Amino acid sequence: MRRVALSLVVLFSCSVFAQQYPSQHYVVISDLNPGYVDILTRNVEMFYDNMLGGYFEQGWQQPLTIYYFEKQSDTQAYLGGTEKIYYGIYIPSKNAIFTHRLMDDGSLAGLGTLFHEITHHFVRINYTNPPSWFDEGLTSFLSEQTRIVNGKPSLGHPNPWREQALRDMIESGAAIDVRYYTSLNGEKFYADRKNYHPLRALFYWLYINGQLKAYMANVKQQGYALSVLEQTTGKNADQIGIELLAFIRKNCYAGAYVQDSLRASNAENKKRLLNAALNLMPDYSRARYDLALLLYREQDYAGCQRELEVVLRDTHCIEYKDASRLMGDCRYKEKNIQEALVHYQNAFNAAAYDEYQYEICYNVAACYMAMGDKEQAGTWLKDYLAKNWEPQTTQKHCKSAREYLEQNQ
């Protein structure tokens, strides 16, 4: 989000239960469950470790403070002021990030929001007076759709809601004018939030072409002029625009079809849209997983598994954990408990940085129950209870786990 200076109005009601959780590079201040904050902290530390050296030369010595609330309205109340706070905000003068777990409509803000604001801090430390188009474009690409999977950040994926907006812009007649977008000053950039969409696509295109790191290095040495982008890619602005548009029509439109599928009225329309995405990007793991899930719900377990096998080839894709778990569900439905167990354990390992890893413990325990191994079932149920940071919303499973442990331990 845009970096702005705000005067903090600390409201007692939002901060009375907040605790400080210091780590190597951050101080998290939150009133959320400590188990959840631990997951959050491990994610931001791993993100730091992968961004530093991978994409940025300099880190920071003074810990960055993360204020992390339950709801968007909590963040808004804490900050005060009149400017609407959406997903989050980075305030350089406070050396702090302010964000939340849930939007006011109940949807998840997601870890991508937190990574987004952290990336702004990296950009500020590593670049001198970066223009907004560079800062926001780079930050949006490096953070959105980035998750830690099997110990490595996933990069290079469409962001469906943003790609849908970008497609609609282009189909309504908007031009991909590289000269225009790379000339925007801060006021003009932030005057239209649609400017984010093509600029994230520009950095996505550079990444896919293997030129992102070179461009970032060249900018640091030579500045933000369009000529630096042309020099890095070996193409003039018109050629860049042509290739970028073709890339958008393939990769970004694939993401737009996935977003369309979320709003489709029935399963057949969802499948049609997901297949349209896969026609453009056959290796698009999100579309494959969503299609597999539809087939699973139709009890087409063979078809579901065919789609999942493609997803599982990439052990660092965002959907790897969910695909492994769904593959386990298929095997479990087929009463192939031993294979189900293997897939559930793969999902558990991939989810070391996932807030819902605890759920998979219950799946693993169920396999051991079916195999008659009470000791292992008990071990995994204990892990389920220990890792479960939201027992108030999982009361049925928590009760079942405790009853099993009482009866068999």
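Residues numbered from 1 in each chain as written. Predicted model: local features only at pLDDT ≥ 70, side-chain atom pairs only at ≥ 80, totals over all residues. Heavy atoms only, no water.

Right, let's talk about the environment of Tyr127 for a bit. Tracing the backbone through its elements, the reader meets Tyr127 in the loop between helix H4 (111-126) and helix H5 (132-143). Put simply, Tyr127 and Gly223 are 96 residues apart on the chain and 9.2 Å apart in space, counted from C-alpha to C-alpha. Among all residues touching Tyr127, those that are not within four sequence positions of it are Phe56, Phe134, Met216, Val219, Lys220 and Tyr224. For Tyr127, the side chain forms a polar contact with the main-chain oxygen of Met216, separated by 3.1 Å. (Helix = DSSP H or I, 4+ residues; strand = E, 2+ residues; numbered from the N terminus. Contact = heavy atoms within 4.5 Å. Polar contact = N/O pair within 3.5 Å; in protein donor to acceptor, adjacent residues only side chain to side chain.)

Taken in spatial order, the five strands make up an open sheet running S1-S2-S3-S5-S4, and their pairing is mixed. The open sheet is flanked by strand S1 (19-22) and strand S4 (88-91), the only strands paired with a single partner. The mean inter-strand angle of the sheet, taken between neighbouring strand axes irrespective of direction, is 20°. Bridging between strand S2 (residues 26-30) and strand S3 (residues 64-71) involves five bridges; their strand directions are parallel. Its bridge partner being in S3, Ser30 is matched across the sheet by Tyr68. Packing against the sheet, helix H2 (residues 34-51) makes contact with S1, S2, S3 and strand S5 (96-102), and its axis sits at approximately 150° to S2. (Pairing = 2+ DSSP bridges. Axes fitted to C-alpha atoms, helices over the stretch in contact; angles between N-to-C directions.)

Moving on: the pattern of salt bridges. Taken as a whole and judged by the stated rule, the model has 20 salt bridges. Between Arg162 and Glu144 there is a salt bridge whose closest N-O contact spans 2.6 Å. Taken together, the positions of Arg162 in helix H6 (residues 160-171) and Glu144 in the loop between H5 and strand S6 (148-149) put the pair 18 residues apart, joining distant regions of the chain. Ionic pairing is found between Glu268 and Lys271, a salt bridge with its closest N-O pair at 3.6 Å. With a gap of three residues between them, Glu268 and Lys271 both fall in helix H13 (residues 267-280), about one helical turn apart. Beyond isolated ion pairs, a larger network of salt bridges with shared partners links Glu144, Arg162, Glu163 and Arg200. (Salt bridge = Lys/Arg side-chain N within 4 Å of Asp/Glu carboxyl O.)

Buried residues dominate S5, accounting for seven of its seven residues. As defined by bridge partners, S3 adjoins S5 across six bridges and the pair is classed as parallel. Bridging from a neighbouring strand, Ile66 pairs with Ile97 of S5. Across four bridges, S4 lies against S5 in antiparallel orientation. Its bridge partner lying in S5, Gly88 is registered against Thr99. Connecting S4 to the antiparallel partner S5 that follows it, the hairpin turn spans four residues, and Asn95 within it adopts a positive phi of roughly 50°. (Buried < 20%, exposed > 50% of the residue type's maximum accessible area, 1.4 Å probe, protein only.)

With that settled, consider the layout of surface pockets. Of the voids in this model, the largest pocket is the one considered here, and its volume is about 1,600 Å³. In terms of lining residues, the largest pocket is bounded by 45 residues, among which Leu108, Ala109, Gly110, Gln145 and Arg147 are the most central. Elements represented by at least two residues in the lining of the largest pocket include exactly H4, S6, H6, helix H9 (196-208), helix H12 (237-262), helix H14 (285-297) and helix H16 (320-333). Top element by residues in the lining of the largest pocket is H4. It accounts for five residues. In terms of residue class, the lining of the largest pocket is made up of 19 nonpolar, twelve polar and 14 charged. Put simply, the second largest pocket is a space of about 280 Å³. In terms of lining, the second largest pocket is formed by 16 residues, of which the most central are His157, Asp283, Tyr284, Ser285 and Asp314. Among the secondary structure elements, those contributing two or more residues to the lining of the second largest pocket are H12, H14 and helix H15 (301-311). The residue makeup of the lining of the second largest pocket, split by class, is seven nonpolar, four polar and five charged. (1 Å grid on protein atoms, 1.4 Å probe; cavity = no way out; pocket = protein on both sides within 12 Å on 5 of 7 lines; lining within 4 Å. Points joined across faces, edges and corners; volume = space filled by probe spheres on them. Nonpolar A, V, L, I, M, F, W, Y, C, P; charged D, E, K, R; others polar.)

The next thing to look at is the nonpolar core. Grouped together as the largest cluster of nonpolar side chains are 119 residues, with contacts concentrated most on Phe56 and Ile118. Not counting chain neighbours up to four residues away, the residues in contact with Phe56 comprise Met51, Thr119, Phe122, Val123, Asn126, Tyr127, Leu138, Leu142 and Met216. Counting eleven residues, the second largest nonpolar core, distinct from the first, contains Val27, Tyr67, Phe69 and Leu79. (Core = buried A, V, L, I, M, F, W, Y, C linked by side-chain atoms within 4.5 Å.)

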